[in-house]
Amino acid sequence: MMPEETLLLQGIVSGILMGGIYILISVGLTMIYGVMDLVNFAHGSFLMLGMYSAFWLSFLWGISPYLSLIFVPILFFLIGWVIQKALVQRVVEGGYMLSQFIITFGLWLLIENTAVIFWHHDPRSVFQGAPLTFDIGGIFVTLPMVLAFCITLVLSVFFHLFMTRSWTGLALSATAQNRDSAEIVGMNVRDMFALAMAIGIAMVSVAGVLLATFFPITPYVGLYFLVIAFVVAVLGGLGNYAGAMFGGLIIGFIEGFFGVVLGPQFKQIAYLFVFMAILAVRPQGLMGRREIRGG
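What you are looking at is a predicted structure, and each value in this text was computed from that prediction instead of being measured.

Peer 1: What is the right way to read the environment of Arg190 from this model?
Peer 2: Inspection of the secondary structure puts Arg190 in helix α9 (residues 189-212). Note on Arg190: relative accessible area 47%, which makes it partly exposed. Along the backbone, Arg190 and Val281 are 91 residues apart, and their C-alpha atoms lie at a distance of 36 Å. Residues within four places of Arg190 in sequence aside, it is in contact with Lys85, Gln89 and Glu93.

Here is the structure:
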């Protein structure tokens with residue numbers, strides 16, 4: 001039996017590793033909201049589809065989930081682009097907030113219920129048997145979680161460089177800050193919207209593939225992670241990519257710490273309580289900017 005200190009450290013390490021997945025999910029959600037001012041309630045459904053993509057590629061053709069990281073994000077990028085151009089853009093241009101809410105909410109229900117019809121409720125797994133585990137100073141870590149965390153860090157660095165060093169990334173940031181000014185200087189705002197949606201959905205598909213290597217796959221798994229993604233994104237500051245990355249690690253730490261101290265059944269209550277306490281002090285989130293509106 002583990003000593004209490006080791007058990008606590010085990011929980012924290014596992015929580016932070018899980019926080020890597022939260023980063024990928026939340027950054028994609030933040031990308032869509034930051035550029036389009038659109039809350040994508042279907043975000044968790046695309047996570048679920050990413051998990052099933054990894055499963056079926058492995059089950060039907062024996063393609064490793066890590067190899068499928070080459071194909072799945074490209075497919076979901078195209079799906080995101082088409083959804084934005086053919087469906088969401090028309091609603092966004094209408095300017096009705098309720099319609100924007102309903103379109104992504106309806107898309108979520110459509111995807112989830114279709115998944116239930118075809119794949120039923122039975123949980124699935126990419127890898128059979130116990131995952132490869134390492135003992136590092138009494139702390140046990142599984143190889144899939146470590147790989148997922150490392151891949152997340154690499155992708156986070158590339159994403160940061162893309163947003164701060166490339167013309168396209170700077171154009172996305174400019175559109176997020178002021179779309180009218182972006183149009184004046186010649187940017188195609190519609191294409192920026194489509195690109196934001198495509199990148200956001202591609203990123204959450206990567207999170208789904210990585211998550212599938214160690215987490216049960218069901219049609220309802222997206223809702224659980226959608227709640228966490230909203231908490232992380234709002235905690236970090238909606239539209240703030242660095243805040244989403246920071247928030248993901250914070251929520252992972254809180255889950256791991258209080259999951260040991262209070263019990264795993266209380267970890268969700270713990271991070272929601274901390275979340276609300278922080279927002280009571282900083283409504284704009286940890287790294288968000290306070291908006292000042294004139295009346």
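Read on for the rest.
Peer 1: Explanation requested: the pairing of strand β1 (residues 133-136) in the structure shown.
Peer 2: In the case of a regular strand, side chains alternate between the two sheet surfaces. Examined bridge by bridge, β1 and strand β2 (residues 139-142) share four bridges and lie antiparallel to one another. Counterpart to Ile136 in the pairing with β2 is Ile139. Count of turn residues in the β1/β2 antiparallel hairpin: two residues, of which Gly137 carries a positive phi of about 60°.

Peer 1: Please clarify how the environment of Tyr66 should be interpreted in this entry.
Peer 2: Note that Tyr66 resides in helix α3 (residues 65-68). The exposure class assigned to Tyr66 is partly exposed, which follows from its relative accessible area of 26%. Once the C-alpha coordinates of Tyr66 and Val92 are considered, the two residues, 26 residues apart in sequence, prove to be 35 Å apart. Setting aside its immediate chain neighbours within four residues, Tyr66 contacts Phe127, Pro144, Leu147, Ile151, Leu210 and Thr213.

Peer 1: Could you clarify how one ought to interpret the confidence of the model for the protein chain in this entry?
Peer 2: Close inspection of predicted coordinates is inappropriate in any region flagged by low pLDDT. With 95% of its residues at a pLDDT of at least 70, the protein chain reaches an overall mean of 88. Taken as a whole, residues 291-295 scores under 50 in pLDDT and shows zero contacts with residues more than four places along the chain or in a different chain.

Peer 1: Got a minute to help me understand unusual backbone geometry in this structure?
Peer 2: Excluding glycine, most residues fall at negative phi; most peptide bonds, likewise, are trans. The phi dihedral of Asp37 falls on the positive side, at around 55°, and the residue is not glycine. For Asp37, the location among the structural elements is in the loop between α1 (4-36) and α2 (43-61). Of note, the phi angle at His120 is positive, near 60°, even though the residue is not glycine.

Analysis parameters
- Residues numbered from 1 in each chain as written.
- Predicted model: local features only at pLDDT ≥ 70, side-chain atom pairs only at ≥ 80, totals over all residues.
- Heavy atoms only, no water.
- Helix = DSSP H or I, 4+ residues; strand = E, 2+ residues; numbered from the N terminus.
- Buried < 20%, exposed > 50% of the residue type's maximum accessible area, 1.4 Å probe, protein only.
- Contact = heavy atoms within 4.5 Å.
- Pairing = 2+ DSSP bridges.
- pLDDT = per-residue confidence, 0-100.

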